[in-house]
Amino acid sequence: MIEKIQELRMAAEAAMGKVNNEQGLRDFEIVYLGKKGELKDFAKNISKVDPSERKNFGQAVNALKRDIENSIELKAAEFEQKKMEALADNEWIDITAPAKDHMRKGGRHPLSSFIDEVNELFTELGFSHADGAEIESEWYNFTALNLDADHPAREMQDTFFVEELKANPLKFLSDDRDLGMVLRTQTSSMQIHYMQKNKPPLRVFVAGKVFRKESDATHAPVFHQVDCLLVDKNVSLRNLKGVLQEIFSKLLKKPDVKIRFRLSYFPFTEPSLEVDIGFELKGNKDYWLEIGGAGMVHPQVLKNAGLDPAEYNGFAFGMGIERMLMIRNNIKDLRLFFDNDIRFLKQFS
Ligand code: DAH
């Protein structure tokens, strides 16, 4: 009987020699080690073995079983190894290969890029960047800028009042002289904050959102302004003109742009000026376009901010950011900036 074990071992070795894939290995395992497999079947012969030999027989059968199990394990490891090698050969990725050109990159919104340009230019010209709050007290937005409660100019700017805050003012935003809060209607509200916190000479600008209740092709309830303030001794309109010349020639990309002042009215400047820019358009050498407001800071505004108008004076100006970009790129409808139409936005990337 013991010799038969040797025959079984040889048969198993021969069969294993023919196994060449994982399915073959599973079949082999069933044939030799399965519940109804060769080894179980063979072990039944123990009843025919002489009792004195049974121990040897049992040990020999167990040894064969272990050897078959080991050979299965080895074969499985060999297959696994081959599989990994094939994977490494077939599925490697070249991480240094250049990206496919169908990858689509996003772009910045034209207004965001333009505001970056504005910030950069004003900083280059020596103006400090201020932020200012979008929710502002009526005092900073109107009163301190010389628009008192029943000033007709408060009607000019249709205002969003923040009722919630009116009832429950946030201390850090509100000056306690005035509890009413609004969404700022003009970035000029920054002027008083800045003059209260800093000593002249001052050069400062803010570029950001303003809010008004209006909406058509050239007006939106939210739009952007840049407001600029310079306070020093002996400031003149000539200084203002020079700065505006520089700013518009750069921002509008019109190196030979002309600046023209027209007398106007703003409560916070005296004199007040409407700023026009002139350039050549379609053969018309004398084309003028209104672009912003400006003036010499009103003495009362300096006083409201705690400065002595006998010692200091200054200029201020403000302009619409969308308007500048519309002029620069010949855009006719302001709403294009807010519609998020990809065909429009793509032209700027
Ligand atoms: N804040 C004004 C507006 O929104 C624009 C303006 C005019 C700003 C004159 C100024 C200025 O700083 O001096 O219409």
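Residues numbered from 1 in each chain as written. Predicted model: local features only at pLDDT ≥ 70, side-chain atom pairs only at ≥ 80, totals over all residues. Heavy atoms only, no water.

What surrounds the ligand is a group of 15 residues, the closest being Q186, S188, R212, Q225 and D227. Take Q186: an N or O atom from its side chain is 2.8 Å from a nitrogen atom of the ligand. Separating an oxygen atom of the ligand from a side-chain N or O atom of R212 is a distance of 2.7 Å. In the complex, 90% of the free accessible area of the ligand, which totals 360 Å², lies under the protein chains. Because more than half of its atoms lie within 2 Å of the grid, the ligand is assigned to the largest pocket. If you list the elements that add at least two residues to the shell around the ligand, you get strand 5 (222–232), strand 8 (284–297) and strand 9 (313–320). Looking at the shell around the ligand, its residues break down into five nonpolar, eight polar and two charged. (Near = heavy atom within 4 Å. Polar contact = N/O pair within 3.5 Å; in protein donor to acceptor, adjacent residues only side chain to side chain. Areas by Shrake-Rupley, 256 points an atom, 1.4 Å probe, with all protein chains shown as cover. 1 Å grid on protein atoms, 1.4 Å probe; cavity = no way out; pocket = protein on both sides within 12 Å on 5 of 7 lines; lining within 4 Å. Sits in = over half its atoms within 2 Å of the grid points. Helix = DSSP H or I, 4+ residues; strand = E, 2+ residues; numbered from the N terminus. Nonpolar A, V, L, I, M, F, W, Y, C, P; charged D, E, K, R; others polar.)

To continue, consider helix 4 (residues 54–90). Between its terminal C-alpha atoms helix 4 stretches 54 Å, which fits the 54 Å expected from 37 residues at 1.5 Å a residue. All of the buried residues in helix 4 are F57, V61, L64, I68, I72, K75 and F79. At its buried positions, helix 4 is contacted by helix 1 (2–18), helix 2 (22–33) and helix 3 (38–43). (Expected span 1.5 Å × (residues − 1). Buried < 20%, exposed > 50% of the residue type's maximum accessible area, 1.4 Å probe, protein only. Contact = heavy atoms within 4.5 Å.)

Turning our attention to the layout of surface pockets. In this structure, the largest pocket encloses a volume near 1,300 Å³. In this structure, the largest pocket is lined by 46 residues; those nearest its centre are E290, I291, G292, G320 and R323. Where the lining of the largest pocket is concerned, the elements lending two or more residues are helix 7 (152–156), strand 5, strand 7 (269–281), strand 8, strand 9 and helix 12 (321–329). No other element matches strand 8, which puts seven residues into the lining of the largest pocket. Considered as a void within the structure, the second largest pocket measures approximately 210 Å³ in volume. Of the residues that constitute the lining of the second largest pocket, the class distribution is three nonpolar, four polar and four charged. (Points joined across faces, edges and corners; volume = space filled by probe spheres on them.)

Right, let's talk about the pattern of salt bridges for a bit. Summed over all chains, the structure comprises 16 salt bridges. For E78, the salt bridge is made with K82, and the minimal N-O distance between the two is 3.7 Å. Taken together, the residues span about one helical turn, with E78 and K82 both in helix 4 at a distance of four residues. A salt bridge links E117 to R328; the nearest nitrogen and oxygen atoms lie 2.8 Å apart. Of this pair, E117 sits in helix 5 (residues 110–124) while R328 is found in helix 12, placing the two residues 211 residues apart along the sequence. Residue class for E117 comes out partly exposed when judged on its relative accessible area of 28%. Three or more residues joined by partner-sharing salt bridges are found here, namely R260, R262, D276 and E290. (Salt bridge = Lys/Arg side-chain N within 4 Å of Asp/Glu carboxyl O.)

As a further point, take the confidence of the model for the protein. With 93% of its residues at a pLDDT of at least 70, the protein reaches an overall mean of 89. At the low end of the mean pLDDT range in the protein sits helix 8 (residues 163–167), at 59; at the high end sits strand 9, at 97. Here residues 171–176 is modelled with pLDDT under 50, and outside its nearest four sequence neighbours on either side it reaches twelve contacts, counting other chains as well. (pLDDT = per-residue confidence, 0-100.)

Right, let's get into the pairing of strand 6 (residues 258–264). Here strand 6 runs beside strand 7; their pairing, made up of seven bridges, is antiparallel. Residue pairing for strand 7: R262 is matched across the bridge by E274. The antiparallel pairing of strand 6 with strand 7 creates a hairpin that spans four residues between the two strands. (Pairing = 2+ DSSP bridges.)

Our next topic: the packing of helix 2 against helix 4. With their axes 10 Å apart at the nearest point, helix 2 and helix 4 run at an angle of 170° to one another. Classified by the interaxial angle, the pair formed by helix 2 and helix 4 is roughly antiparallel. Residue-level inspection shows E22, L25, F28, E29, Y32 and L33 of helix 2 in contact with helix 4, the latter providing K65, I68, E69, I72, K75, A76, F79 and K83. Grouping the constituent residues of the contact of helix 2 with helix 4 by class yields eight nonpolar, no polar and six charged. (Axes fitted to C-alpha atoms, helices over the stretch in contact; angles between N-to-C directions. Parallel < 35°, antiparallel > 145°, perpendicular 65-115°, else oblique.)

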